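Observations on the three-dimensional arrangement
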Amino acid sequence: QVHLVESGGGLVQPGGSLRSSCVASGSIFSIDTLAWYRQAPGKQRELVAVISGMSTTYADSVKGRFTISRDNAKNTVYLQMNNLKPEDTAVFYCYAIVQVQGGVGRSHYWGQGTQVTVSS
């Protein structure tokens with residue numbers, strides 16, 4: 001079994017910054033893809049950023065403001081969020097595609113989410 005645990009959410013003023021982290025633990029052989037999604041109240045969950053290998057992709061709404069990175073040795077993915085706006089307010093979820101030890105194929109896992117609130 002694999003677990004993803006996010007941290008680093010919180011309350012920040014518009015224009016501020018936050019850095020969220022997600023640590024994967026368990027029977028991990030390798031992690032192919034890591035991503036951050038978010039879900040605002042009353043809206044569908046949406047993709048924010050993806051990192052596969054060292055290749056990254058961002059939603060248009062966060063390009064130039066958010067940066068996704070990973071530390072393979074720590075099985076950790078980060079999301080640096082700068083110039084935050086009120087419309088960034090959401091629960092942010094970590095997502096991973098993992099090859100488990102002794103397993104066949106790959107499985108998908110979600111974290112429990114961390115709240116990011118941007119408000120003055």
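Preceding this section is the structure that the text describes.
Now for a look at the structure at hand. (Residues numbered from 1 in each chain as written. Predicted model: local features only at pLDDT ≥ 70, side-chain atom pairs only at ≥ 80, totals over all residues. Heavy atoms only, no water.)

**Some details on the sheet that holds strand E7 (residues 66-71)**
Cut-off, in case you're wondering: Here, strands pair whenever DSSP counts at least two bridges between them. Only DSSP runs of H or I with at least four residues qualify as helices, and only runs of E with at least two residues qualify as strands; both kinds are numbered from the N terminus onward. Inter-axis angles, ranging from 0 to 180 degrees, are taken between N-to-C directions of lines fitted to C-alpha atoms, where helices are fitted over the stretch in contact.
Strand order in the open sheet made by the four strands is E1-E3-E8-E7, with antiparallel pairing throughout. The sheet is open, and its two edges are formed by strand E1 (2-7) and E7, each paired on a single side. Strand-to-strand twist in this sheet, taken as the mean axis angle between neighbours without regard to direction, amounts to 15°. Bridge count for strand E3 (residues 18-26) against strand E8 (residues 76-81) is six bridges, and the pairing is antiparallel. Bridged to Val-23 within E8 is Thr-76.

**Observations concerning the state of the cysteines**
Threshold: For the purposes of this analysis, a disulfide is any pair of cysteine sulfur atoms at a distance within 2.5 Å. Only protein chains enter the area calculation, which uses a 1.4 Å probe; residues under 20% of their type maximum are buried, those over 50% are exposed, and those in between are partly exposed.
Summed over all chains, the structure comprises one disulfide. Each sulfur in the disulfide pair Cys-22 and Cys-94 lies 2.2 Å from the other. Judged by the sign of its S-S torsion, about -85°, the cystine formed by Cys-22 and Cys-94 is left-handed. Note that Cys-22 is positioned in strand E3 and Cys-94 in strand E9 (residues 90-100), a separation of 72 residues in sequence. Each of the two residues, Cys-22 as well as Cys-94, counts as buried.

**A few points about the packing of aromatic side chains**
The condition that has to hold: Stacked, tilted and edge-to-face pairs are distinguished by plane angle, under 30 degrees for stacked and over 60 for edge-to-face with tilted covering the rest, among Phe, Tyr and Trp rings (Trp via its six-membered ring) whose centres lie within 6.5 Å.
Under the criterion given, the structure shown has three aromatic pairs. Ring centres of Tyr-37 and Tyr-95 lie 5.7 Å apart, and the angle between their planes is 75°; this geometry places the pair in the edge-to-face category. Taken together, the positions of Tyr-37 in strand E4 (residues 28-39) and Tyr-95 in strand E9 put the pair 58 residues apart, joining distant regions of the chain. On the basis of relative accessible area, Tyr-95 is assigned to the buried category, the value being 12%.

**Digging into unusual backbone geometry**
Backbone geometry at Asn-75 places phi at a positive 50°, although glycine is not the residue there. Tracing the sequence through the fold places Asn-75 in the loop between E7 and E8. You can call Asn-75 partly exposed: its relative accessible area is 26%. Unusually for a residue other than glycine, Asn-83 sits at a positive phi of about 50°. For Asn-83, the position within the fold is in the loop between E8 and E9. By relative accessible area, Asn-83 is classed as partly exposed at 41%.

**Quick notes on the nonpolar core**
Convention followed: By nonpolar core is meant a set of buried Ala, Val, Leu, Ile, Met, Phe, Trp, Tyr and Cys residues that side-chain atoms within 4.5 Å join together.
In this structure, Trp-36, Leu-79 and Phe-92 are the most contacted members of the largest nonpolar core, which totals 31 residues. A per-element tally of this core places E9 first, with six residues.

**Focus on the environment of Val-12**
Rule in force here: Contact criterion: two residues are considered in contact whenever any of their non-hydrogen atoms come within 4.5 Å of each other.
Looking at the element boundaries, Val-12 is found in strand E2 (residues 10-12). C-alpha of Val-12 to C-alpha of Lys-85: the two residues are 73 residues apart in sequence and 9.3 Å apart in space. Setting aside its immediate chain neighbours within four residues, Val-12 contacts Ser-17, Leu-18, Leu-84, Thr-117, Val-118 and Ser-119.

**Observations concerning the pairing of E3**
Two elements, E1 and E3, share six bridges in a ladder whose sense is antiparallel. The partner of Val-5 across the bridge, within E3, is Val-23.

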